[in-house]
Amino acid sequence: MNTIDQRKINNMENALLYITEKFNKIYSTQNIGNRKCFINNNSVLFNVDMLKSDGAFVVEYANNITEAKHNMFEDGDLFFLEDYNSLDNLIEAMCTEINNEQVEQHW
């Protein structure tokens, strides 16, 4: 791995830490297994992961604790770091998606 790639990964990891810190202040949390999940106002469990090779973050959603325990998260949109002029703008876009997410109804 070259130096530029390593810097990109370090920036992504630092950005993920920053996003997580912000979400800790905005959303409720619940530890499920070895994973810390956030909960939106619609009771949807979610977490944030990064795709280092793409330079993107993804919000992953679970409809309930059982799905979360079995790591059955569904991916939301990708948020590419390069598409935003600040990390706070990226977080704002993520929050818009997160706050609109609803628990799926299974009939």
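Above this text is the structure in question.
The present account deals with the structure reproduced in this document. Keep in mind that this is a model prediction, so the values were computed, not measured.

Focus: the environment of Arg 35
Phase 1 of the analysis: Position of Arg 35 relative to the elements: it lies in strand 2 (residues 35-39).
Phase 2 of the analysis: Each C-alpha atom, one on Arg 35 and one on Asn 71, is 9.3 Å from the other, the two residues being 36 residues apart in sequence.
Phase 3 of the analysis: Of note is the side chain of Arg 35, whose polar atom sits 2.7 Å from the side chain of Asn 71.

A closer look at a negative patch on the surface
Phase 1 of the analysis: A cluster of acidic residues, Asp 49, Glu 74, Asp 75 and Glu 104, forms a negative patch on the protein surface.
Phase 2 of the analysis: Relative to the helices and strands, Asp 49 resides in strand 3 (residues 45-51).

Considering the nonpolar core
Phase 1 of the analysis: Of all hydrophobic cores here, the largest spans 20 residues; its most connected members are Phe 23, Phe 57 and Met 94.
Phase 2 of the analysis: Listed by contribution, the elements that provide at least two residues to this core are helix 1 (3-26), strand 3, strand 4 (56-62) and helix 3 (87-100).
Phase 3 of the analysis: Of all hydrophobic cores here, the second largest spans seven residues; its members include Ile 32, Leu 45, Ala 62 and Phe 73.

Quick notes on the sheet that holds strand 5 (residues 74-80)
Phase 1 of the analysis: A sheet is described by the order of its strands in space; here five strands give the open sequence 1-2-3-4-5, paired in antiparallel fashion. Unpaired on one side and paired on the other, strand 1 (28-32) and strand 5 mark the two borders of the sheet. Between one strand and the next, the sheet's axes are offset by a mean angle of 35°, whatever the strand orientation.
Phase 2 of the analysis: Where strand 1 lies against strand 2, five bridges are found, and the strand directions are antiparallel. Each bridged residue has a counterpart across the sheet, and for Thr 29 the counterpart in strand 2 is Phe 38.

Points about the environment of Asn 42
Phase 1 of the analysis: Here Asn 42 shows up in the loop between strand 2 and strand 3.
Phase 2 of the analysis: With a relative accessible area of 25%, Asn 42 lands in the partly exposed category.
Phase 3 of the analysis: Put simply, Asn 42 and Asn 99 are 57 residues apart on the chain and 7.6 Å apart in space, counted from C-alpha to C-alpha.

As for the packing of aromatic side chains
Each aromatic ring pair is characterised by the separation of its centres together with the angle its planes make.
Phase 1 of the analysis: Following the criterion strictly, the structure yields six aromatic pairs and no others.
Phase 2 of the analysis: Here the aromatic rings of Phe 23 and Tyr 27 are separated by 5.5 Å at their centres, their planes lie at 85°, and the arrangement is edge-to-face. There is no split in this pair, since Phe 23 and Tyr 27 are both buried.
Phase 3 of the analysis: Pairwise contacts between aromatic rings join Phe 23, Tyr 27, Phe 38, Phe 46 and Tyr 61 into one cluster.

Criteria and thresholds
Residues numbered from 1 in each chain as written. Predicted model: local features only at pLDDT ≥ 70, side-chain atom pairs only at ≥ 80, totals over all residues. Heavy atoms only, no water. Helix = DSSP H or I, 4+ residues; strand = E, 2+ residues; numbered from the N terminus. Polar contact = N/O pair within 3.5 Å; in protein donor to acceptor, adjacent residues only side chain to side chain. Patch = residues over 30% accessible without salt bridge, like charges linked within 9 Å, V, L, I, M, F, W, Y side chains within 5 Å. Areas by Shrake-Rupley, 256 points an atom, 1.4 Å probe, with all protein chains shown as cover. Salt bridge = Lys/Arg side-chain N within 4 Å of Asp/Glu carboxyl O. Lys, Arg positive; Asp, Glu negative; His and termini not counted. Charge placed at Lys NZ, Arg CZ, Asp CG, Glu CD. Core = buried A, V, L, I, M, F, W, Y, C linked by side-chain atoms within 4.5 Å. Buried < 20%, exposed > 50% of the residue type's maximum accessible area, 1.4 Å probe, protein only. Pairing = 2+ DSSP bridges. Axes fitted to C-alpha atoms, helices over the stretch in contact; angles between N-to-C directions. Phe/Tyr/Trp six-rings, centres within 6.5 Å; stacked < 30°, edge-to-face > 60°.

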